[in-house]
Every structure is written in C-alpha cells, then in structure tokens.
Amino acid sequence: MRRNQIRQQPGRPDGPHPDTSGQTTATTGGAAARRGARGRAPAGTGAAAIAVAALLAGAVAPAAAATGPGTAGARAAECTAGTGPYQRALEEYLKRPVDGAQSAEDCAAIRGFQTANGIDPADGYADLETYRTMVAVKARANPNAAGKCPVRAYRVTCVDLDRQLLWVQKNKKVVFDPVPIRTGRDSEETRLGWHTIYWRSRDHVSTIYDDAPMPYAQFFDGGQALHGRLGNLYDGGGSAGCVNLRLADAAGLWDLLAVDDSLYIWGTKPGTAG
C-alpha cells in the first residue's frame, strides 16, 4: 500500500488523529568529452578536428543543462508513495498545499524530511513514525512553551503523553532535546505525576513479558520504566505502561540520567481513554 502509484484523491480529514494503531548522471565518455572540449587543442590540430571538438561540446550541453532546476519535477516523479494517514499535518509543516492528497512534489518533500531525520524507509509516505518525528522537530525550539512541565533547579525528565514527547530540562534550559516516545495503551496507561528513578538496568530483560528485551531500562514506578525498543517504535500501538524510546534516544538518556532523577508525566495518549 505504501508504494502504490500516486493517485490524486479528494481532501479528507486525515491530519493529526488519534493513534489507535498501536538525478542526472554523466557517462565517463561525456565527462571526458567535456574536459576535452574545454582543453587546449594539441599542436597541429586541423580545422576538422576543431569542428569535431565543437560538435562534442554541443552534444554534451543538454546533459549539463539537465542538472539544473528543470529536473526537479522528474526527481519528484520518482517518488510514488500514496496518501498517508498524516498527509495534511506533513503538508502543513513542509509548507506544501494542504489538500490531504499526495502529489509527486509532496512525496519528495516528505521523503526529504524522512531522510534528514533518519527515518527508514524514506519513501515519502506520511505514516505515524514520520508524524511523531515531525512533532518532536517542531517542539525543539521550546518544548515547554505551554509550561506544563514544572521548572526546577534540578533535572526533570518531562513526559508529555498528549504529544508523545520526552525531553529533559534543568531550570528553563533544555538539556536533552525532545524525542518521540510510545507510552501505555488502554488499561495499561503510563502513570501520571511525579516519579523518581529508583533502579537502572542497562541490558534488562523483562521477567513479566516473555523475556522481552528492555535495553537501557530506568525504572520509575513499579514495573514501569524508560527504555529502548528494538525495531519499529510504533509496532503494536502502545506499551504496557513503560515509556518506550528509539534505541539511540534511550542510550542518550541513559548517559544523562541517574538514580534519584525526577520525572514528571502528564496528559493523555492519543487513542486512549486516559
């Protein structure tokens, strides 16, 4: 479905909604011809040879021109992912026409964002991972603009269930940039309020959930922990209460935090009853 040929579709309300799911290349000969055409003619070269060189220069001119702006549409046309569930939100963020229908240019813009932010596959499809990453990127300038995470003289790990974001601040300074997370599903919601990290286990394996790996686990309330998740962060819709992070983010958080660090959790995960 992700890589179906683009079809223009009528606009529909498929922007942010509850998370319920869980080149033009030159040949060697062409390059040599360009170099030869610009180079000095060998001594004794006749008029015929000079004419041939001029013809060669003219022959490669279209290839050089093909590297200019006129090929943007061709490059965009190579992106063939269809309309995604977060199409409108990505169109708005990327300053594309907001119509909820994928175009080749939309696809190329989304693919560029995915590539710049390490999303794999970078195929131009506006999926949940791309949307959550976009939310984190938008929040970087001031993640606590709404003032919902308490400001303290010590480090506070802020867990925003509404936006599915985590960052760390000390006083008003952000010391760990916002990153996307996945929190508890219905009936296994991540517990709200103030918490303290009481135990850390770098290579932890769950004793409750079939030996599930929980790398860089930092426990803050009973069996609930901050920890990395192998593979796609968004498979399965929600966690069993833990705050799941991408592996690299979990490793960075491990290096920053320590036992007795404070967390503050608020909000409601989209798609849950809270």
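Residues numbered from 1 in each chain as written. Predicted model: local features only at pLDDT ≥ 70, side-chain atom pairs only at ≥ 80, totals over all residues. Heavy atoms only, no water.

1. Things to note about the nonpolar core
Put simply, the rule is: Take the buried residues of types Ala, Val, Leu, Ile, Met, Phe, Trp, Tyr and Cys, join any two whose side-chain atoms come within 4.5 Å, and each joined set is a nonpolar core. Note on classification: 1.4 Å probe, protein chains only; a residue is buried when its accessible area is under 20% of the maximum for its type, exposed when over 50%, partly exposed between these limits. Strands here mean DSSP runs of E at least two residues long; helices mean DSSP runs of H or I at least four residues long; both are numbered from the N terminus.
Counting 23 residues, the largest nonpolar core has Leu90 and Tyr131 as the members making the most contacts within it. Looking at this core, the elements that each hand over two or more residues are helix 4 (87–93), helix 5 (104–116), helix 6 (128–139), strand 1 (155–160), strand 2 (165–170) and strand 9 (262–266). Here the element with the most residues in this core is helix 6; it accounts for seven residues. Counting residues in hydrophobic clusters, the runner-up holds 20 residues, among them Val168, Tyr216, Ala251 and Leu257.

2. Section: the state of the cysteines
Threshold: Any two cysteine sulfur atoms lying within 2.5 Å of each other are counted as a disulfide.
Taken as a whole and assessed by the stated rule, the structure comprises two disulfides. Shown here is the disulfide that connects Cys79 with Cys107, its sulfur atoms set 2.0 Å apart. The chirality of the disulfide connecting Cys79 with Cys107 is left-handed, given an S-S dihedral of about -65°. Linking Cys79 in the loop between helix 3 (72–77) and helix 4 with Cys107 in helix 5, this pair joins segments that are 28 residues apart in sequence. With respect to burial, Cys79 and Cys107 carry one shared label: buried. Two residues share a disulfide in this structure: Cys149 and Cys158, whose sulfurs sit 2.0 Å from each other. Taking the torsion about the S-S bond as the criterion, the Cys149 to Cys158 disulfide, at about -80°, is left-handed. Here Cys149 and Cys158 have matching classes, each one buried. Should the bonded cysteines of the protein be numbered as they appear in the sequence, the pairing reads 1-2, 3-4.

3. Structural notes on the sheet that holds strand 5 (residues 199–205)
How we decide: Any two strands with at least two DSSP bridges between them are considered paired. Every angle, taken between N-to-C directions, lies between 0 and 180 degrees, and every axis is a line fitted to C-alpha atoms, over only the stretch in contact when it is a helix.
Taken in spatial order, the nine strands of this open sheet run 4-9-1-2-3-8-7-6-5, and their pairing is mixed. The outermost strands of the open sheet, each flanked by one partner alone, are strand 4 (193–196) and strand 5. Strand-to-strand twist in this sheet, taken as the mean axis angle between neighbours without regard to direction, amounts to 30°.

4. Focus: the pattern of salt bridges
To be explicit about the condition: The working definition used for a salt bridge is a side-chain nitrogen of Lys or Arg within 4 Å of a carboxyl oxygen of Asp or Glu.
Evaluated as defined, the whole model comprises seven salt bridges. The residue Asp160 makes a salt bridge to Arg163 at a minimum N-O spacing of 2.7 Å. Judged by its relative accessible area of 4%, Asp160 is buried. The salt bridge partner of Arg191 is Asp221, with a shortest N-O separation of 3.0 Å.

By themselves, these observations are geometric and do not establish any function.
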